[in-house]
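These are the residues of each chain, in order.
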Amino acid sequence: MDDIVVGPLDLAARVDDALAVQALAFGLSAEEVGVRRHIVLRHLTNPGARALGATTSSGRLVGFVYGMPNDRTHWWSTVVEPYLRATGTEGWLDDSFVITELHVHPAFQNRHIGRTLLTGLTAGASEPRSILSAVDAESPARALYRKLGYRDLARQVVFPSAASPYVVMGATLPLTG
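Residues numbered from 1 in each chain as written. Predicted model: local features only at pLDDT ≥ 70, side-chain atom pairs only at ≥ 80, totals over all residues. Heavy atoms only, no water.

For the rest of this paragraph, the subject is helix H5 (residues 140-147). It helps to recall that an α-helix has 3.6 residues per turn; residues three or four apart then point in one direction. Taken as a whole, H5 has its buried residues at Arg142, Leu144 and Tyr145. An end-on view of H5 places all buried positions within 160° of arc, on one side of the element. Set apart from the buried face of H5 by more than 90 degrees, the exposed residues are Pro140 and Lys147. The inward-facing, buried residues of H5 contact strand E4 (96-104), helix H4 (113-123), strand E5 (129-135), strand E6 (151-157) and strand E7 (166-172). (Buried < 20%, exposed > 50% of the residue type's maximum accessible area, 1.4 Å probe, protein only. Helix = DSSP H or I, 4+ residues; strand = E, 2+ residues; numbered from the N terminus. Arc of directions from axis to C-beta. Contact = heavy atoms within 4.5 Å.)

Here you go:
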């Protein structure tokens, strides 16, 4: 990771920097970034929410991850619950740490930054397992999640306004990678 340092991130203070990384990594429009800004700031008010960032020696944020203990009343859980119920994996919504977002600037990918962010964040979780959602297509992100021990729990999950279906994945903690 050369000159990249991974450590705690005050995501509320650096939300615009983080969303700039997400916009590049995920191809978001300015309007989508504005919506997500409010969502991120709201998420950070949840008990146990925490974030890690990857920064260069000059302080440039090039990656981030954040998550929180899952709560079945949160929007994400209410959307994925029927899909998990259909596959007999609904119990994963209980006593899990959910990875809400993980993004690395495209110019800094393939340097183990995503792996370091994800394993670092989940290492501090008191929950015995972790869940996340990702676009339901083969991708470097999906490959990383599998290498770390995540497995598919439900596929073809449709989020309102999402262009593509998602997969919900789960792993026991600590992660294997």
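Following the structure, the description resumes.
Turning to H4, its buried residues number three or more, namely Ile113, Gly114, Leu117, Leu118, Leu121 and Thr122. The buried residues of H4 occupy an angular sector of 150° when projected down its axis, which confines them to one face. In this structure, the buried residues of H4 make contact with strand E1 (5-8), strand E2 (50-55), strand E3 (61-69), E4, E5 and H5.

Within soluble globular proteins, side chains that are nonpolar tend to cluster in buried spots. In terms of nonpolar packing, the biggest core is built from 26 residues, with Ile99, Leu117, Leu118, Tyr145 and Tyr150 touching the most fellow members. Of all the secondary structure elements, the ones that give two or more residues to this core are E2, E3, E4, H4, E5, H5 and E7. Ignoring anything within four residues of it in the chain, the contact list for Tyr145 reads Leu102, Leu118, Leu132, Ala134, Tyr150 and Met169. Core analysis: the next-biggest nonpolar cluster, separate from the first, contains 25 residues, Val15, Tyr66, Val80 and Ala154 among them. (Core = buried A, V, L, I, M, F, W, Y, C linked by side-chain atoms within 4.5 Å.)

We now examine the packing of helix H1 (residues 15-26) against helix H2 (residues 30-43). Close contact between H1 and H2 brings their axes to 10 Å; oriented N to C, the two are set at 130°. Overall, the two elements H1 and H2 adopt an arrangement that is oblique. Judged by the sense of rotation from one axis to the other, the crossing of H1 with H2 is right-handed. Only Val33, Arg36, Arg37, Val40 and Leu41 of H2 make contact with H1, whose side of the interface consists of Val15, Asp16, Leu19, Gln22, Ala23 and Phe26. When the residues that make up the contact of H1 with H2 are grouped by side-chain class, the tally is seven nonpolar, one polar and three charged. (Axes fitted to C-alpha atoms, helices over the stretch in contact; angles between N-to-C directions. Parallel < 35°, antiparallel > 145°, perpendicular 65-115°, else oblique. Left-handed = near helix turned anticlockwise from the far one by under 90°. Nonpolar A, V, L, I, M, F, W, Y, C, P; charged D, E, K, R; others polar.)

Another aspect to go through is unusual backbone geometry. Of note, the bond from Leu173 into Pro174 is cis; its omega dihedral lies within 30 degrees of zero at 5°. Within the secondary structure, Pro174 sits in the segment after E7. The backbone of Asn110 shows a phi angle near 65°, a positive value even though the residue is not glycine. The backbone of Ser161 shows a phi angle near 75°, a positive value even though the residue is not glycine. The exposure class of Ser161 is exposed, given its relative accessible area of 81%.

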